[in-house]
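# An overview of the molecular structure
One letter stands for each residue in the lines below.
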There are 2 protein chains.
Amino acid sequence: MSAKNGVKIMVEEIDARKKKILQAVIQEHIISASPIGSRTLAKKYNLDVSPATIRNEMADLEELGYLEQPHTSAGRIPSDKGYRFYVDTIVKKNINPAPSSIQKIEHIYDDMKSVQDIISGMGKMLSNMTHYTSLVSEPKIQESRLRKVQIMELEDNSLLIILVTDTGMVNNKIVKVQEKLSNKKLAYINKFLSDKLENKFLSSLTAEYLTRVEKELLSRIDISAEIIKQIYSEIEDVFEPEDVKVYLGGTSYILEQPEFNDIERLKKVLKLLEQEDILSSLISDFSDSDLEIRIGQENGIEDMQNCSLVVATYYLANRAVGKIGVIGPTRMEYSKVILSVDIISDLLGKLISKASR
Amino acid sequence: MSAKNGVKIMVEEIDARKKKILQAVIQEHIISASPIGSRTLAKKYNLDVSPATIRNEMADLEELGYLEQPHTSAGRIPSDKGYRFYVDTIVKKNINPAPSSIQKIEHIYDDMKSVQDIISGMGKMLSNMTHYTSLVSEPKIQESRLRKVQIMELEDNSLLIILVTDTGMVNNKIVKVQEKLSNKKLAYINKFLSDKLENKFLSSLTAEYLTRVEKELLSRIDISAEIIKQIYSEIEDVFEPEDVKVYLGGTSYILEQPEFNDIERLKKVLKLLEQEDILSSLISDFSDSDLEIRIGQENGIEDMQNCSLVVATYYLANRAVGKIGVIGPTRMEYSKVILSVDIISDLLGKLISKASR
DNA sequence: TTTTAGCACTCATTAAATTAGAGTGCTAAT
DNA sequence: ATTAGCACTCTAATTTAATGAGTGCTAAAA
């Protein structure tokens, strides 16, 4: 009613019927990947109005920016704005929480895998569920606590530095040194590092802190500054990685999407997916909200304008440590994908904490 | 001359001129990716004969199986057999050893990387050099010597098992145990494992040997058989992996090949490249010769009939530990690829041994 | 005032027809 | 043994025509 008196038109620009029609267009387009006409809608969805009325409504929706017309005499396809509206007001409401059937899966992966295996396994599972390409980032090192640091000597002049985080990640580096360390000195260093570093959040182990500790160690033990420096620089490397590692799964599912029958477009996207640094910054750019959706141009990458991303955060001990998500065409089965991403992100967190606990 | 007297025709079925023509067809086809006609050859290659003569020779070459005709009035394309001949008798001769300019590259990667980084980096470099997809397998664990084994305790009831091979690979596993081990016992176990396992070839550490050692340890120390068993099963897991890990590089280069403009064919190959187990057995199937080439159907995989593989072995301390190679269309720039693979495999071996020494 | 039937018009897609040209194989001359 | 000449073949590209889904507008109906 309020929509009828001119003044409030802007406020409620989409009435119930328009909404219904928009939804119908999108759902149909998700299935068919081609423009949708008024007759089709009238037939398949019981909208109780004639094609002519639907045509009028669609013209309105186009004017408002929710639909687009590839050419004059074609049907309509949803715009990014249309998908955004769809996702925000129609899909999200109807998502119900993860079904309990998942607990079965949880057991399969029980305790037999390393964190890396779990991550790539869950990525693959997600892409199998959704038939889109999946994307998973490793737990952020900054959000982890250092659980164990230990240096051991290999024969000759190599040291092996082991760093274990509470997220189950094990980092190792082999360092070559000039000088042989006595067992006693090594034990002392290990003890010292343990005391100073273990159980601290890696974000609190700043470069300044490390430098201070380095100096302190140097003053207490009689070995060359060189070795200590080497050890520390390796430790720092681990703590401040340029990029989070990203695991890709189901890349070939992209080929099943008709929008990538165009080889040129396909090439561009596949090239992108090969560049680890881009993937890394792409996924890191998502907020730590439970689930974020970027539709079409929203993702900001030129060659991915017709892709959407659905990305969830996974948690370890209530810390948002990593992301897992799906990349597919803008014309994506959002409701299914959202559900899957939701379930799998949850599961991923559980499995990793189980494995690293 | 001998070819001229009927009797020896079979022995030397291809005379110098045929060879020259075959070579010309192949070289031209490698460039153009389409059938080659007699006129083109006569024009571009100074064969000093007329197109008509070339036609006759090409008809012969087709009869002998070196060339194929897509359809009656098209030019000829090389068959697998043609490529095989080309590679064996024409290309290989003209390959000269790695130029010394490589030493520059060697320095770039000097000692700053882990073995995994070196492997994937060299794979990428190879695919950038050749513009084909590269394939590298990790050093075979069986060909390595165990350099260090050490078990350490994380807090609560987790143990971290570290295994380092002389190929620079560091394996780690976190194992959960029921019982807490005293430091003394742990030290004893470490000493014991060191003595029994270190510096042995992993191929000599058979399941039987391990079982024997396991029993011996159990008889000497007072802890539950359970823990020992867990530890051993993890160690065994590392020693007997199902698959070698394979690194892929430059997958998107496939798209630049016109033979994969057919989306269906492309899809099949990309699907294959996603299956780690297939890649692993594909590359493992190559002999330990310096360089092996499989052309077209020779590689035995249905969906890769129009692909060739050029695979070299890389060595650590004179042991053939892994493979590195290139996968591309049968119509591949063999001479360039062979050279590149040769250089890079050599470099890879050097870099890994430098990094792990 | 809103909805709907009717109709002329648009435009992409598909199929069919046509053309162009590269290449062959054969024959007869060199 | 080689080559010029020529008829023939077959693909790939281009043009043309046909199809049909879909629209926007108008005027009548609700």
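Since we're looking at a predicted model, the values are computed, not measured. (Residues numbered from 1 in each chain as written. Chains lettered and ligands numbered in written order. Predicted model: local features only at pLDDT ≥ 70, side-chain atom pairs only at ≥ 80, totals over all residues. Heavy atoms only, no water.)

### So, the overall build of chain A
The helix and strand inventory of chain A stands at 12 helices and 10 strands. For 357 residues, the compact-globule formula gives about 21 Å, and the C-alpha radius of gyration of chain A, at 27 Å, lies well above that figure. Expressed along its principal axes, the backbone C-alpha trace of chain A runs to roughly 90 × 45 × 40 Å. Looking at the 357 residues of chain A, the share that counts as buried comes to 49%. If you take every contact in chain A between residues at least 6 apart in sequence, the share linking residues at least 24 apart comes to 61%. Within the structure as shown, chain A displays about 16800 Å² of accessible surface, and the carbon and sulfur contribution to it stands at 49%. The centroid of the 47 positive side-chain charges in chain A is displaced by 5 Å from the centroid of its 53 negative side-chain charges. (Helix = DSSP H or I, 4+ residues; strand = E, 2+ residues; numbered from the N terminus. Rg over C-alpha atoms; globule rule 2.2 N^0.38 Å. Buried < 20%, exposed > 50% of the residue type's maximum accessible area, 1.4 Å probe, protein only. Contact = heavy atoms within 4.5 Å. Areas by Shrake-Rupley, 256 points an atom, 1.4 Å probe, with all protein chains shown as cover. Lys, Arg positive; Asp, Glu negative; His and termini not counted. Charge placed at Lys NZ, Arg CZ, Asp CG, Glu CD.)

### As for the sheet that holds strand β5 (residues 158–165) of chain B
Residue and element names in this part refer to chain B. Spatially, β4-β5-β6 is the arrangement adopted by the 3 strands of the open sheet, whose pairing is antiparallel. Unpaired on one side and paired on the other, β4 (146–153) and β6 (170–176) mark the two borders of the sheet. In this sheet, neighbouring strand axes are inclined to one another by 15° on average, regardless of whether the strands run parallel or antiparallel. Of the strand pairs in this sheet, β4 and β5 are connected by 7 bridges, and their pairing is antiparallel. Considered in β5, the bridge of Glu153 is made with Leu159. (Pairing = 2+ DSSP bridges. Axes fitted to C-alpha atoms, helices over the stretch in contact; angles between N-to-C directions.)

### Regarding helix α9 (residues 225–239) of chain B
All names here are of chain B. Helix length check: α9 (15 residues) gives 21 Å between terminal C-alpha atoms against 21 Å at 1.5 Å per residue, within 8%. Among the residues of α9, those classed as buried are Ile227, Ile228, Ile231, Tyr232, Glu234, Ile235, Val238 and Phe239. In a view along the axis of α9, the buried residues occupy a sector of 155°, so they form one face of it. Check the buried side of α9 and you find it contacts β4, β5, β6, α7 (183–197) and α8 (207–220). (Expected span 1.5 Å × (residues − 1). Arc of directions from axis to C-beta.)

### Considering the protein's contact with DNA strand D
As a matter of local geometry, DNA strand D sits amid 21 residues, with A:Ser38, A:Arg76, B:Arg17, B:Thr53 and B:Ser73 nearest to it. Counting only atoms of DNA strand D within 4 Å of the protein, the fraction found in sugar and phosphate groups is 79%. The separation between a phosphate oxygen of DNA strand D and a polar side-chain atom of B:Thr53 is 2.4 Å. Taking B:Ser73, its side chain carries an N or O atom lying 2.7 Å from a base oxygen of DNA strand D. For the surface near DNA strand D, the secondary structure elements donating two or more residues are α2 (38–44) and α3 (51–63) of chain A together with α3 (51–63) of chain B. By residue number, the principal contributor to the surface near DNA strand D is α3(B), which donates 4 residues. Tallied by class, the residues present in the surface near DNA strand D amount to 4 nonpolar, 13 polar and 4 charged. (Near = heavy atom within 4 Å. Polar contact = N/O pair within 3.5 Å; in protein donor to acceptor, adjacent residues only side chain to side chain. Nonpolar A, V, L, I, M, F, W, Y, C, P; charged D, E, K, R; others polar.)

### Remarks on the packing of helix α1 (residues 16–32) of chain A against α3(A)
Residues and elements named next belong to chain A. Interhelical geometry of α1 versus α3 gives an angle of 90° and a closest axis separation of 10 Å. Comparing their axes, α3 and α1 come out roughly perpendicular. Residue-level contacts link Arg17, Lys18, Ile21, Leu22 and Val25 of α1 to Thr53, Ile54, Glu57, Met58, Asp60 and Leu61 of α3. (Parallel < 35°, antiparallel > 145°, perpendicular 65-115°, else oblique.)

### Quick word on the domain arrangement of chain A
The domains assigned to chain A are domain 1 (2–93), domain 2 (100–140 + 244–356) and domain 3 (142–239). Distance from the C-alpha centre of domain 1 of chain A to the C-alpha centre of domain 3 of chain A: 61 Å. (Domains from an automatic or database assignment.)

### Regarding the environment of B:Glu214
All names here are of chain B. Structurally, the position occupied by Glu214 is in helix α8. Between the C-alpha atoms of Glu214 and Lys229, which are 15 residues apart in sequence, the distance is 7.6 Å. For Glu214, the residues in contact, after removing those within four places along its chain, are Ile228, Lys229 and Tyr232.

### With respect to the protein's contact with DNA strand C
Of all residues adjacent to DNA strand C, which total 21 residues, the nearest are A:Arg17, A:Ser50, A:Thr53, A:Ser73 and B:Ser38. Within 4 Å of the protein, the contacting atoms of DNA strand C are 81% sugar and phosphate, with bases supplying the remainder. Contact distances for DNA strand C include 2.8 Å between a phosphate oxygen and a side-chain N or O atom of B:Ser38. At 3.5 Å from a sugar or linking oxygen of DNA strand C is found a main-chain nitrogen or oxygen belonging to B:Ser73. Mapped by element, the contributors of at least two residues to the surface near DNA strand C are α3 of chain A together with α2 (38–44) and α3 of chain B. Looking at which element gives the most residues to the surface near DNA strand C, the answer is α3(A), with 4 residues. Of the residues assigned to the surface near DNA strand C, the class counts are 4 nonpolar, 13 polar and 4 charged.

### Focus: the relation of the copies chain B and chain A
For the match of chain B to chain A, the screw axis carries a shift of 0.0 Å, the RMSD comes to 0.1 Å, and the turn is 180°. In short, the pair behaves as if placed about a two-fold rotation axis. When C-alpha positions in chain B are compared against the rotation axis, the closest is assigned to B:Ile263, at 3.9 Å. The share of interface residues of chain B whose copies in chain A are also at the interface is 100%, consistent with both copies meeting through the same surface. (Least-squares fit on C-alpha atoms with pLDDT ≥ 70 in both.)

### Some remarks on a negative patch on the surface
Taken together, the side chains of A:Asp237, A:Glu240, A:Glu242, A:Asp243 and A:Asp277 present a region of like negative charge at the surface. Mapping A:Glu242 onto the fold places it in the loop between α9 (225–239) and β7 (246–249). (Patch = residues over 30% accessible without salt bridge, like charges linked within 9 Å, V, L, I, M, F, W, Y side chains within 5 Å. Salt bridge = Lys/Arg side-chain N within 4 Å of Asp/Glu carboxyl O.)

### Description of α8(B)
All names here are of chain B. Between its terminal C-alpha atoms α8 stretches 20 Å, which fits the 20 Å expected from 14 residues at 1.5 Å a residue. Taken together, the buried positions of α8 are occupied by Tyr209, Leu210, Val213, Glu214 and Leu217. Angular distribution of buried residues about the axis of α8 spans 135°; they occupy a single face of the element. Every exposed residue of α8 that faces more than 90 degrees away from the buried side is listed here: Glu208, Arg212, Lys215 and Ser219. Tucked into the core, α8 has its buried residues touching α7 and α9.

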